[in-house]
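Structural description and commentary
Listed here are the chains, written in short residue letters.
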Amino acid sequence: MLKKDAAANAIALMFLLSLLTVRAGADQAVESVGNVTLWYSQPAAVFQEALPVGNGRLGAMVLGKTAQERIVLNEETIWTGAPVEPRSVHGPGALPTIRRLIFEEKYGEAKKMFDEQMRPVPMWYARYQVLGNLYLTFPGHDTYTDYRRELNIDSPVVKVSYTADGVKYTREVVASPDDQVIAIELTADRPGKISFTTGIEGVVNDDKDWPDDGYYMARTYHPNRLILRGKNANSYGVRGRLEYQGTIKVLNQGGKLTRDSKTLKVENADTATLLIAAATNFVNYKDVSANPDQRIRECFRKLGDKSFERIKKDAIASHQKFFRRVSLDFGDTQASRLPTDQRLKKYNDGRDPQLAALFFQFGRYLLITSSRPGTQPANLQGIWNESSVPSWDGKYTTNINCEMNYWPAEVCNLTECAEPLFTMIMELSQTGRKTARDFFGVEGWLLGFNTDIWRNTSPIGGGTFGSWSTGGAWLCTHLWEHYLFTEDKEFLQKAYPVMKGSAEFFLNTLVEHPKHKWLVTCPSNSPENDFRRGDRSDRICAGPTMDMQILRYLFDSCAKASEVLGKDRNFRKQVLEAKSRLAPNQVGQYGQLQEWLDDLDNPKDRHRHFSHLWGMYPGIEISVERTPGLAKAVEKSLEFRGRGGTGFGMTWQMCLWARNYKPEIAHIMFQNLIRRNTYPNLFSKCYDALQVDGTFGCTAGIAEMLLQSHLGVIHLLPALPGAWPNGSVQGLCARGGFEVDIVWKDGKLTGATIRSKLGNSCKVRYGDIIVDYKTKVGESIKLNGKLQRN
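Residues numbered from 1 in each chain as written. Predicted model: local features only at pLDDT ≥ 70, side-chain atom pairs only at ≥ 80, totals over all residues. Heavy atoms only, no water.

**Thoughts on the overall build of the chain**
Check the secondary structure of the chain and you find 19 helices and 36 strands. Here the chain has a C-alpha radius of gyration of 27 Å; the compact-globule value for 790 residues is 28 Å, and the two agree. Principal-axis analysis of the C-alpha atoms gives the chain an extent of 80 × 75 × 50 Å. Sequence-distant contacts, at least 24 apart, represent 69% of the contacts inside the chain between residues at least 6 apart. (Helix = DSSP H or I, 4+ residues; strand = E, 2+ residues; numbered from the N terminus. Rg over C-alpha atoms; globule rule 2.2 N^0.38 Å. Contact = heavy atoms within 4.5 Å.)

The following block contains the structure:
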């Protein structure tokens, strides 16, 4: 039992008066959800307002225009470049000198040498690309009334409806995971009123810096098909070898269908259906030998004459088996009925708590639709990109963004959606071994701050970016977290060699700091942030706080995994010894958690990254309970950084404030996200770029405010803000194999159900009271808050 004040006593008493009942069999799966509709009374003016559909592999953004619709199409494997094995120009010979210069605080010289001697070929990563734009032109639809554009994230269909010239038109778009097509149906409330022209266009490469032989060709073929074929662009000297194809099949009932060389024209039909299939020659990161045309032909063969309604029904069922695992309800109000863009503008008035529930579920929707077993992981744009030169190349940025995309996966009951990330990590462990040998002269594997579909792990970006090598270690923490939630030993058997390989790289490259005698990474940097000494600003350094926190987690998880699997006792001893010698967390002159080995933090620094706070979230080594002094230092660092930043920065702050049990500040960060860094379609912003990371981070942050389990305790409502006084959540997951439902009223717990999937014992906390419970597989702990202590 923890020490508690009078207010906490009253809360704790309610918890102690709850009744424990244990019954066989888990509750039924969640069958209904709260407010799950995004809707608007006007078309999207720009891409950043469009509504997304996706099946994990194919994505589409629907603008909902009436006279000329534009639907932006993505296929997840269309990137620039080709399979490549990056090479080191000079090898690892300069590393001892670079390290010596850093220890002598000659950072400029060290960076210059890193830039010159650690240079890889190619010099940069590949870019994610767009497949093309599908256009539908509707004559006479410039003037309209009764317009509504909506996305139901429970039944993942974008629907557009309006009235033109006395006829009500409806357009539905769905991406099918089962049939691997995007399907569009056009209907009207009067027969013979569907008339339109459709065509598809590719997107030219806008990068003028590199010669390019990429191309595309769009035409009609067969009586009712459009085809887009192309080859991808080159990438920094790597000749493009990726071939892609998109095929649109148009089916009309009634009326007639004609074509010219570029477009299909439907006139006076009762209904029309468009079926979109797309494929590339991509097999995996080292193989582009497939035939996209054969893949598309096979897709349509399997589809047969399946109707739009059946395609939609199957797609909904496939989506809901994931989506309906979790429901969240903060209570409907009059504001809940407003269009979504108006709700965003009015949220800070405090009369629409349900918008937070919609935002939470939208993040889950994006993860389900952009990352399914067998697909690529969600990149910076998920699978929703309109440009050949997307912001930050649409890559997998692994110094925060890629990891943030998967923060909601385990706790929000979408563990299968993390499978693409796990597959990528295992592939990176292969390419990263070559990088470790060629650039560092050691065994093990590494990844720095970015990668792409070709799994490039070389130290790209010079001393400014490329000196940071801890991205792979961070990704490995996701492998261990998956085990903590599921206790899946078969998975751990596959993941352990990857975790061990990452640890081996650092065991082989950590060096003793000549002054402090700690083991440190060198060279490195604190991602994307600079420190100042006098008039000089530098980034390359030794032993930044984030590295030490990540490595303590990695070494500890490797030791525990080896124990679970009953192997590698000597290796276990080695990593634990190295862990004990890593540079510790330090509190600086302002009471802040130091970002670097030396006390160099600037209290006016408003940087968007919170790298040195990793140990509190997503890490676990800093907590209010176990390390209160360090938790206070984290709080001071957060205060210095302010309450602004990018979308991903704001949601990282949400999670950090939730871990620090500061619910009102966590909610302020949510308000700031809504006001400053959210597009009308609930995608987050990174400056002006549409990205998915902040949306995913927000979903994780809301979950963290309602449930925490990282300290070995199922902590109910640890950071519930006053803005959400009444509500319920069903289906969140806790480490140890538990699903959790919670109900509260007037800010206080009124009931909870904890379902045990593995039969583990658990500790449950509410307020300052912790109670131990034992369960069997399939049994549930029921807390109903009315009767005497169990």
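**Some details on the nonpolar core**
The biggest cluster of nonpolar side chains holds 226 residues, and the ones touching the most others in it are Leu134, Phe196, Trp652, Ile702, Leu706 and Leu716. Counting 15 residues, the second-largest nonpolar core is a separate cluster that includes Val181, Ile296, Phe300 and Ile311. (Core = buried A, V, L, I, M, F, W, Y, C linked by side-chain atoms within 4.5 Å. Buried < 20%, exposed > 50% of the residue type's maximum accessible area, 1.4 Å probe, protein only.)

**Quick word on the pattern of salt bridges**
Counted under the stated rule, the structure contains 49 salt bridges. The closest approach of N and O atoms between Glu481 and Arg735, which form a salt bridge, is 2.8 Å. Placement of Glu481 in helix α12 (residues 471–486) and of Arg735 in the loop between β31 (727–734) and β32 (738–745) is noted, with a sequence separation of 254 residues between them. In this pair, the class of Glu481 matches that of Arg735, namely buried. Bridged by salt links that share partners, the residues Glu739, Asp741, Arg755 and Lys757 form one connected network. (Salt bridge = Lys/Arg side-chain N within 4 Å of Asp/Glu carboxyl O.)

**Here's the deal with the packing of aromatic side chains**
Aromatic ring pairs: the centre-centre distance and the angle between the two ring planes describe each pair. Applying the stated criterion to the full structure yields 34 aromatic pairs. Taken together, a centroid distance of 6.3 Å and an interplanar angle of 40 degrees make the contact between Trp474 and Trp652 tilted. You can see Trp474 sitting in helix α12 and its partner Trp652 sitting in helix α17 (residues 647–659), a full 178 residues away along the chain. Each member of the pair, Trp474 together with Trp652, is buried. Between Phe670 and Trp724, the aromatic rings sit 6.4 Å apart at their centres with planes inclined by 75 degrees, giving edge-to-face as the arrangement. Taken together, the residues span a long stretch of sequence, with Phe670 in helix α18 (residues 663–676) and Trp724 in the loop between β30 (714–716) and β31 at a distance of 54 residues. (Phe/Tyr/Trp six-rings, centres within 6.5 Å; stacked < 30°, edge-to-face > 60°.)

**Description of the environment of Gly240**
Within the element layout of this structure, Gly240 appears in the loop between β15 (225–231) and β16 (243–253). Separated by 114 residues in the primary sequence, Gly240 and Ala126 have C-alpha atoms spaced 9.9 Å apart. Setting aside chain neighbours within four positions, we find Gly240 in contact with Gly81, Lys231, Asn232, Ala233 and Asn234.

**Comments concerning the pairing of strand β33 (residues 748–756)**
Judged by how many residues are buried, β33 sits mostly within the fold: 7 of 9 residues are covered. Of the strand pairs in this sheet, β32 and β33 are connected by 8 bridges, and their pairing is antiparallel. Residue pairing for β33: Glu739 is matched across the bridge by Arg755. A loop of 2 residues connects β32 with β33, the two strands running antiparallel in sequence, and Asp746 in this loop sits at a positive phi of about 50 degrees. (Pairing = 2+ DSSP bridges.)

**Here's the deal with the side chain of Arg149**
With respect to the element layout, Arg149 can be found in strand β9 (residues 145–152). It turns out Arg149 is buried and unbridged, and the closest side chain with the opposite charge, Glu49, is 5.0 Å from it. Of the polar contacts made by the side chain of Arg149, one reaches the backbone oxygen of Glu49; its length is 3.0 Å. (Lys, Arg positive; Asp, Glu negative; His and termini not counted. Polar contact = N/O pair within 3.5 Å; in protein donor to acceptor, adjacent residues only side chain to side chain.)

**Description of the sheet that holds strand β12 (residues 181–188)**
Overall, antiparallel pairing links the 9 strands, which are arranged β2-β9-β10-β11-β12-β19-β16-β15-β14 in an open sheet. Unpaired on one side and paired on the other, β2 (37–40) and β14 (215–221) mark the two borders of the sheet. Averaged over all neighbouring strand pairs, the angle between strand axes comes to 15 degrees, with direction disregarded. Examined bridge by bridge, β2 and β9 share 4 bridges and lie antiparallel to one another. Directly across from Tyr40, in β9, lies its bridge partner Arg149. Each of β12, β15, β16 and β19 (271–280) is contacted by helix α4 (residues 292–303), which is oriented at about 140 degrees to β19, the strand it contacts most. (Axes fitted to C-alpha atoms, helices over the stretch in contact; angles between N-to-C directions.)

**Some remarks on the sheet that holds strand β17 (residues 256–259)**
Spatially, 7 strands are ordered β3-β4-β5-β8-β13-β18-β17 in an open sheet, and the strand pairing comes out antiparallel. In this open sheet, the two edge strands, each paired with only one partner strand, are β3 (51–54) and β17. Ignoring strand direction, the axes of neighbouring strands in this sheet form an average angle of 20 degrees. Bridging between strand β13 (residues 194–201) and strand β18 (residues 264–269) involves 4 bridges; their strand directions are antiparallel. Considered in β18, the bridge of Phe196 is made with Val266.

**Observations concerning helix α2 (residues 95–103)**
Taken together, the buried positions of α2 are Leu95, Ile98, Arg99, Leu101 and Ile102. The buried residues of α2 occupy an angular sector of 160 degrees when the element is viewed end-on, so they sit on one face. Along its buried surface, α2 packs onto α3 (107–117), α10 (419–440), α13 (489–509) and β23 (511–512). Once α2 finishes, Glu105 follows within two positions and takes phi at roughly 65 degrees, a positive value. (Arc of directions from axis to C-beta.)

**Topic: the packing of helix α16 (residues 628–641) against α17**
Contact geometry of α16 with α17 gives a least axis separation of 11 Å together with a crossing angle of 150 degrees. Taken together, the axes of α16 and α17 are roughly antiparallel relative to one another. The handedness of the crossing between α16 and α17 is left-handed. The segment α16 lies against α17, with Glu635, Leu638 and Glu639 engaging Gln653, Leu656 and Trp657. (Parallel < 35°, antiparallel > 145°, perpendicular 65-115°, else oblique. Left-handed = near helix turned anticlockwise from the far one by under 90°.)

**Some details on the packing of α17 against α18**
At a minimum axis separation of 8 Å, α17 and α18 run at an interaxial angle of 165 degrees. On the basis of their axis angle, the class for α17 and α18 is roughly antiparallel. Our pair here, α17 against α18, has a crossing hand that is left-handed. Residues Gly647, Met650, Thr651, Gln653, Met654, Trp657 and Ala658 of α17 form the contact with α18, whose participating residues are Ile665, Ala666, Met669, Phe670, Asn672, Leu673 and Arg676. For the contact of α17 with α18, a count of residues per class yields 9 nonpolar, 4 polar and 1 charged. (Nonpolar A, V, L, I, M, F, W, Y, C, P; charged D, E, K, R; others polar.)

**Observations regarding helix α15 (residues 569–581)**
Over its 13 residues, α15 extends 19 Å from the first C-alpha to the last, a length consistent with the 18 Å expected when each residue adds 1.5 Å. Along α15, the residues that are buried comprise Phe571, Arg572, Val575 and Ala578. End-on, the buried residues of α15 take up no more than an arc of 135 degrees, which puts them together on one face. The exposed residues of α15 that point more than 90 degrees off its buried face are Arg569, Asn570, Lys573, Glu577 and Ser580. (Expected span 1.5 Å × (residues − 1).)

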